[in-house]
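Chain by chain, the residues run as shown.
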Amino acid sequence: MTVLSGAAFYCFFALFYPYHLHFQEQYQLFESTWDYFQSVASLPGGLADWMGRWVTQFFYYAPVGAAMMSVLLCGVQLVTWAACSKRTLLTYALSFIPSVLLLAFFCDENALVGSVWALILSLGAAVLCQGIKKDRPRHILKVALVPVLYMACGSLAVVFVLVSALREGLKYWTWDLSMLLLLVLCVLLARQIFPYPLERLSFGVHYYRYHNLVPFLLWLAALTAVLPAAVSLVNLKEPKAWMGIMVYAGVAAAGAGLAFNAADPTKEEWMRYDFMVRMQMWNRIMLTADKKNPGNPKTVSCLNLALGKTGRMPDYQFSYFQNGPEGLLPGFVRDHTNPVATGEIYWHLGMVNTAQRFAFEAQESIPDFQKSGRFYQRLAQTNLVNGDWDVARKYLKALRNARFYRGWANETLSLMDSGEIFEKRPELAQARDFRLKEHDFLFSDEEKDSMLGLLKVENPGNTLALDYLMAWCLLRKDLDRFVECIGMVEEPMMPKSYQEALLLRWVQTHQDFEGLPGFLAPAHALRINRFIADMKSGKSEEKMRKDYGDTYWFYYYFRYRNAE
């Protein structure tokens, strides 16, 4: 049963929820240094938090992260069962309840892995104490372990107190009460020593990314970890094998339902697109969109970047769902998630300072105040491009202590020392060439077209900026501005969506097609005639989408109705 559950846990994270693991990894920077260990482990629950961060760094590779999460959840089950005074088939089946609750808990992208280690350490300490046969030394050790476990595991040390009491059968209730009072005293003393509110010290400093929220599922899992030990105190006959299997099946079914109910496929889809942008998997993004058209503005912006990077935006942008300019260049939101993919767009466009600002703001907005390996890497790149090499070295030296960033950081430092950084890193050379050298300004959302035009004017080779400029005008339904900018496009290369927009503007300002420019294909002119006729006949939006869903005309009349 443990093996089957472990396989199920692995499949869930590796196949159904892998991008939540990548998401977790990018919001920490685990450094293999003594100073880093001291800074993390010196807080209540710090050892468990450090161990959780050590595991999280392996989420850089989702299959490895899924395997480690499977081992941890199975470890919770095994140590829960080991904590029972009577290990029966019933208590074995019940020992799976904390693991399936934790599985549902980790469907939340803000659940931190240190919480699992805290539970394992607390239960493991209770099991080890029971190995001491003499009563007095065992009780003294348990009392002495309370403050140690509070510092190592945080407030989940209460599981150690409760399980220890149940293992003794409540015979030594004075010792048990002493342990509980000592734990309360530890929390009150911690309030005087550490700069955290009492509520946070009571419910855990680093179990959940948002400190003002109590992780209900985690504490429910902690309480159910005590349940098998409590059941083992009751004098029950050994259940039949089929009864234990039925209990296990019920727990497994309930856990699966709870996990899939707690999972958020919409967030997983966005995290998948964000990961593919990070790894520059442009073709894979479009293959993914072909299977399921994205509808979230953040996922649409990732798809549009992939279309732009592969040169397909002018021809195929309106073959996919578009929800207005927010799906092209989302506005700035001061949090730790929204600026991430948007900053990637500005980086590829050549807006280096804006990309740097977005990365910095996203990192400073991380709710548990950690640093980010991904953001450190971007900040090192932007400072290199801007010529701030001393600042770049600061970020690179920190990355040199991180397992999965060490190679890149060491190679970058070596290239800086040899003066070959821009020869061996073409992405940095391109960003240096594309960035605005004579202008340093802030811009509003209403001026993004001017910013994109300036990028193209100063750097004629920046075709991505031109594609974004034209797409910005089209998505805003600003055909006047689009016509003003169309001169930047070479007529022999006039793409499909541009022709459709020009034809739409033509029919809005002309009675017929007399004098139509030669670079507008007759096939598109015939199709817009049919489109106009179908519009006048009152065809439904669904029928129009079926016949013209891949055209700019359909977007213009049926999408983004907030324009103007």
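Located above this text is the structure these notes cover.
Residues numbered from 1 in each chain as written. Predicted model: local features only at pLDDT ≥ 70, side-chain atom pairs only at ≥ 80, totals over all residues. Heavy atoms only, no water.

A.B. asks: Describe in detail the pattern of salt bridges, supporting the description with residues and values.
C.D. replies: Taken as a whole and judged by the stated rule, the model has 22 salt bridges. We note a salt bridge from R481 to D449, for which the minimum N-O separation is 3.0 Å. Residue R481 is located in helix α29 (residues 479-485), and its partner D449 is located in helix α27 (residues 448-458); the two are separated by 32 residues in the primary sequence. A residue is classified by how much of its surface remains accessible, and R481, at 22% relative accessible area, is partly exposed. Residue classification places D449 among the buried positions, given a relative accessible area of 12%. (Salt bridge = Lys/Arg side-chain N within 4 Å of Asp/Glu carboxyl O. Helix = DSSP H or I, 4+ residues; strand = E, 2+ residues; numbered from the N terminus. Buried < 20%, exposed > 50% of the residue type's maximum accessible area, 1.4 Å probe, protein only.)

A.B. asks: How would you sum up α27? Please name residues and give values.
C.D. replies: In an α-helix, one full turn covers 3.6 residues, which means residues spaced three or four apart are oriented alike. When α27 is considered as a whole, its buried residues turn out to be K448, D449, M451, L452, G453, L455 and K456. Turning to α27, the residues buried within the fold contact α20 (338-349), α26 (426-434), α28 (463-475) and α29. (Contact = heavy atoms within 4.5 Å.)

A.B. asks: Quick rundown of the packing of α20 against α26? Include the residues and the values.
C.D. replies: Two elements in contact, α20 and α26, have axes separated by 8 Å at closest approach and are oriented at 75°. With respect to each other, α20 and α26 are oriented roughly perpendicular. Between α20 and α26, the residues in contact are W347, H348 and L349 and E427, L428, Q430, A431 and F434, respectively. Class assignment for the residues of the contact of α20 with α26 results in 5 nonpolar, 2 polar and 1 charged. (Axes fitted to C-alpha atoms, helices over the stretch in contact; angles between N-to-C directions. Parallel < 35°, antiparallel > 145°, perpendicular 65-115°, else oblique. Nonpolar A, V, L, I, M, F, W, Y, C, P; charged D, E, K, R; others polar.)

A.B. asks: Please provide a residue-by-residue account of the nonpolar core, values included.
C.D. replies: Of all hydrophobic cores here, the largest spans 89 residues; its most connected members are L349, L452, Y468, M470, F482 and Y552. At 11 residues, α28 tops the list of elements feeding residues into this core. One finds A157, L201, A229 and V231 within the second-largest nonpolar core, a separate group that totals 79 residues. (Core = buried A, V, L, I, M, F, W, Y, C linked by side-chain atoms within 4.5 Å.)

A.B. asks: Explain the packing of helix α22 (residues 373-385) against helix α24 (residues 406-418) to me, and be specific about the residues and the numbers.
C.D. replies: Helices that pack against each other are described as a pair by the angle of their axes relative to one another and the distance between those axes. In contact at an axis separation of 12 Å, α22 and α24 are set at 10° when each is read in the N-to-C sense. For the element pair α22 / α24, the angle class is roughly parallel. Two secondary-structure elements touch here, α22 through Q377, A380, Q381 and L384 and α24 through W408, T412 and M416. By residue class, the composition of the contact of α22 with α24 is 4 nonpolar, 3 polar and no charged.

A.B. asks: Lay out the side chain of E25 with the relevant residues and their values.
C.D. replies: Inspection of the secondary structure assignment puts E25 in helix α2 (residues 18-25). Side chain to side chain, E25 and Y405 meet in a polar contact 2.8 Å long. Beyond its immediate chain neighbours, meaning those up to four positions away, E25 contacts T56, Q57, F59, Y60, R278 and Y405. (Polar contact = N/O pair within 3.5 Å; in protein donor to acceptor, adjacent residues only side chain to side chain.)

A.B. asks: Can you lay out the side chain of R209 for me, pointing to particular residues and giving the numbers?
C.D. replies: Assignment of secondary structure puts R209 in the loop between α12 (198-203) and α13 (216-224). For the buried R209, no salt bridge exists, and the shortest N-O distance to an oppositely charged side chain is 4.0 Å, to D368. A polar atom in the side chain of R209 sits 2.9 Å from the side chain of Q24. Once residues within four sequence positions are removed from consideration, R209 is found in contact with F23, Q24, Y27, E109, N110, L112, H336, P367 and D368. (Lys, Arg positive; Asp, Glu negative; His and termini not counted.)

A.B. asks: Can you lay out the environment of I421 for me, pointing to particular residues and giving the numbers?
C.D. replies: In this fold, I421 is placed in helix α25 (residues 421-424). Looking at I421, the relative accessible area reads 0%, which means it is buried. Taking C-alpha positions, I421 is 17 Å from L399, a pair spaced 22 residues apart along the chain. Ignoring anything within four residues of it in the chain, the contact list for I421 reads L384, W389, T412, L415, M416 and L428.

In short, the description is geometric, and any link to function would need to be established separately.
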